[in-house]
Amino acid sequence: MNKLSLLTFGLVAALAAPILATPAHATSDKSDKSDKVVVAGLDRYARPLSDLNALSEMTRDASIVGIGEVTHGSKELFTVRNQMFRHLVRNQGFTTIALEAPWSAGVRLDEYVRTGKGDLRTIMREDFQQAYSSWQTKEWLDLYTWMREYNRTARHKLRVMGFDMGDVHPDQYRRVIAWAEKNKPAIAPDLRRRYADLLALPGGTAERMEAIAALPAERRKTLAENAEAAYRLVEKAAPPIVAQEARVIAQMATMYTLDGPAMHRHRDRSMAENTWWWNRHTGLKTVAAAHNGHIGYVSAWPDMYPVTLGAHLRAMAGKSYVAIGTTIHSGRFRAMDPKTGKIGVFDTGAPGTGSSEHTLDKVRHRDYLLSLRQAGQNPAVRTWLDTARPTYTIPATYLPELFTKPLALGKAYDSLIHLHRVKAADPL
């Protein structure tokens, strides 16, 4: 797979009529050695999802809360996180939703939720393409609509930021150049020259991403060198927001010079830097919304994703960053079918004996929140949590061979949301 096909844990193509399939990893029910002590320990600390006071306890000292999704395309994973964001807004002063989408897409959405400028569906259609098509869902539309309504009367406005860098909208280059023309005219011609070829990329999000990925390696290297040089021109002279926009451009161009683990290392580190920059420079408490594979502290796919966004954020923010992962027993999800290049609807099948989900689903609550730090006070539970076992980590491309890589939940997350059954997200 190329660098595009692994963005957001797998390239997502244009929306298409759903198809149904069952992954090859589904297993039949077998007699297993259920550890009653472990289940009893989990039972003790599991709280039903209706009890959002548990969420407040888990995030009391946090300024950044990562809430993951085990698939990029399941309805309940989005709606539960939306519900939790609203709770954190109303009860703990959180104001920002940071999403796994380009910085420039976040700028457009932020302007919409603050001021109402633009048409929300148009913004989502234009900015959530190619690897970001997973975000063209009714669940995300509902969240931004709620944020806009909240902001009509709120004293402290809710905000949106995108911490990813797979694409840069032309307006972002123009904002940097416009600042220079007004404040540092001597560097403006050099900035225009450095950004000229990037600004000349084709019009839409998908076209830009495909065009830059298709360039010869030497050409991509030159673009990255120019973007880095442009960032250095404004890094110290410009206000923080202008310098940050130039840095994101350099991050994007550099990413397209890399492949495999090097690309993913760069991407997760950059996503963490952007989230941490936002938190520090705005002072706003932030919920980071991304795939489980990013928000956790360890990777289920270390050969390809060596260091996660969550690991970087913990190093930057310390314990003010809290990672909440999600698990599902079974259900449906939207993902790209690599055979057709189109979005389809797939079923997880049943989790295998010995998997994380097989045990988690024995807890008395159908859907629940669980503090892994509290539950780990029980030695048997701690051992279970710290042991890597097959765990769903489902990418945005339908690749069943990647679904159940070993993961130690207690090393990956501070807390967990477990859902018994999920449905596919509703496309716009």
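About the criteria used
Residues numbered from 1 in each chain as written. Predicted model: local features only at pLDDT ≥ 70, side-chain atom pairs only at ≥ 80, totals over all residues. Heavy atoms only, no water. Helix = DSSP H or I, 4+ residues; strand = E, 2+ residues; numbered from the N terminus. Buried < 20%, exposed > 50% of the residue type's maximum accessible area, 1.4 Å probe, protein only. Contact = heavy atoms within 4.5 Å. Lys, Arg positive; Asp, Glu negative; His and termini not counted. Charge placed at Lys NZ, Arg CZ, Asp CG, Glu CD. Polar contact = N/O pair within 3.5 Å; in protein donor to acceptor, adjacent residues only side chain to side chain. Expected span 1.5 Å × (residues − 1). 1 Å grid on protein atoms, 1.4 Å probe; cavity = no way out; pocket = protein on both sides within 12 Å on 5 of 7 lines; lining within 4 Å. Points joined across faces, edges and corners; volume = space filled by probe spheres on them. Nonpolar A, V, L, I, M, F, W, Y, C, P; charged D, E, K, R; others polar. Phe/Tyr/Trp six-rings, centres within 6.5 Å; stacked < 30°, edge-to-face > 60°. Salt bridge = Lys/Arg side-chain N within 4 Å of Asp/Glu carboxyl O. Pairing = 2+ DSSP bridges. Axes fitted to C-alpha atoms, helices over the stretch in contact; angles between N-to-C directions. Parallel < 35°, antiparallel > 145°, perpendicular 65-115°, else oblique. Left-handed = near helix turned anticlockwise from the far one by under 90°. Core = buried A, V, L, I, M, F, W, Y, C linked by side-chain atoms within 4.5 Å.

A. Seen up close, the overall build of the protein. Along the backbone of the protein there are 18 helices and eleven strands. Taking the principal axes of its C-alpha atoms as reference, the protein extends roughly 70 × 50 × 35 Å. Residues classed as buried in the protein amount to 59% of the 428 residues present. Taking the contacts inside the protein whose residues are at least 6 apart along the sequence as the reference set, 79% of them involve residues at least 24 apart. Of the charged side chains in the protein, 57 are positive and 44 negative, and the gap between their average positions amounts to 4 Å.

B. Region of the structure containing the side chain of D347. Its place among the elements puts D347 in strand β7 (residues 342-347). Side-chain polar atoms of D347 contact the backbone nitrogen of G349, separated by 2.8 Å. A polar atom in the side chain of D347 sits 3.3 Å from the side chain of R421.

C. Spatial organisation of helix α6 (residues 138-151). Look at α6: 20 Å from first C-alpha to last across 14 residues, which is about the 20 Å you get at 1.5 Å a residue. Taken together, the buried positions of α6 are occupied by E139, W140, L141, L143, Y144, W146, M147, R148 and N151. Of the surrounding secondary structure, the elements contacted by the buried residues of α6 are α3 (75-92), β3 (94-102), α4 (103-115), α5 (120-127), β4 (159-164) and β5 (285-291).

D. Looking closely at the layout of surface pockets. Considering only enclosed or pocket space, the largest pocket measures out at about 410 Å³ in volume. What lines the largest pocket is a set of 18 residues, among which E57, M58, V322, R373 and D414 lie closest to the centre. Taken together, the elements giving at least two residues each to the lining of the largest pocket come down to α2 (53-58), β6 (321-337) and α16 (372-375). Here the element with the most residues in the lining of the largest pocket is α2; it accounts for three residues. A breakdown of the residues in the lining of the largest pocket according to their chemical character gives six nonpolar, four polar and eight charged. Each pocket or cavity is described by its volume, and for the second largest pocket that value is around 350 Å³. In terms of lining, the second largest pocket is formed by 21 residues, of which the most central are G106, V107, R108, E111 and R175. Secondary-structure elements contributing two or more residues to the lining of the second largest pocket are α4, β4 and α7 (170-183). Broken down by element, the residue count for the lining of the second largest pocket peaks at eight residues, all from α4. Its residues placed into classes, the lining of the second largest pocket shows seven nonpolar, six polar and eight charged.

E. Molecular detail of the packing of aromatic side chains. One pass over the structure, following the stated rule, counts 15 aromatic pairs. Relative to W146, the ring of F85 has its centre 6.4 Å away and its plane inclined at 80 degrees; by these criteria the two rings are edge-to-face. One end of the pair, F85, is in helix α3; the other, W146, is in helix α6, and 61 residues separate them in sequence. Take W146: its relative accessible area is 12%, and that puts it in the buried class. Ring centres of F333 and F403 lie 5.9 Å apart, and the angle between their planes is 75 degrees; on these two criteria the pair is classed as edge-to-face.

F. Layout of α7. Relative to the 20 Å expected for 14 residues at 1.5 Å per residue, α7 spans 20 Å between its end C-alpha atoms, a close match to the ideal helical length. The inward-facing, buried residues of α7 abut α4, α8 (188-199), α9 (205-214), α10 (217-234) and α11 (240-255).

G. Representation of the pattern of salt bridges within the structure. One pass over the structure, following the stated rule, counts 30 salt bridges. A salt bridge links D414 to R373; the shortest N-O distance between them is 3.0 Å. With a gap of 41 residues between them, D414 in the loop between α18 (409-412) and β11 (415-422) and R373 in helix α16 connect regions that are remote in the sequence. Relative accessible area serves as the criterion here: at 8%, D414 is assigned to the buried category.

H. Region of interest: the pairing of β4. Extensive coverage of β4 is indicated by the burial of five of its six residues. As defined by bridge partners, β3 adjoins β4 across five bridges and the pair is classed as parallel. Directly across from P102, in β4, lies its bridge partner D164.

I. Local environment of the packing of α7 against α11. α11 packs onto α7 with a crossing angle of 135 degrees between their chain directions and a minimal axis gap of 9 Å. Judged on the interaxial angle alone, α11 and α7 are oblique. As α7 packs across α11, the resulting crossing turns out to be left-handed. Facing Q172, Y173, R175, V176 and W179 of α7, the residues of α11 in contact are V242, E245, A246, V248, I249 and M252. In terms of residue class, the contact of α7 with α11 is built from eight nonpolar, one polar and two charged.

J. Spatial organisation of the nonpolar core. Counting residues in hydrophobic clusters, the biggest one holds 128 residues, and the most contacted among them are F128, Y144, M147, Y195 and L198. The element that contributes the greatest number of residues to this core is α11, accounting for eight residues. What Y144 contacts, discounting residues up to four positions off in sequence, is L99, L109, Y112, V113, L120, M124, F128 and V160.

K. Fine view of the environment of D43. Residue placement: D43 occurs in helix α1 (residues 36-45). On a C-alpha basis, the gap between D43 and Y231 in space is 52 Å, while along the polypeptide they are 188 residues apart. The contacts of D43, once residues within four sequence positions are left out, are V363 and R364.

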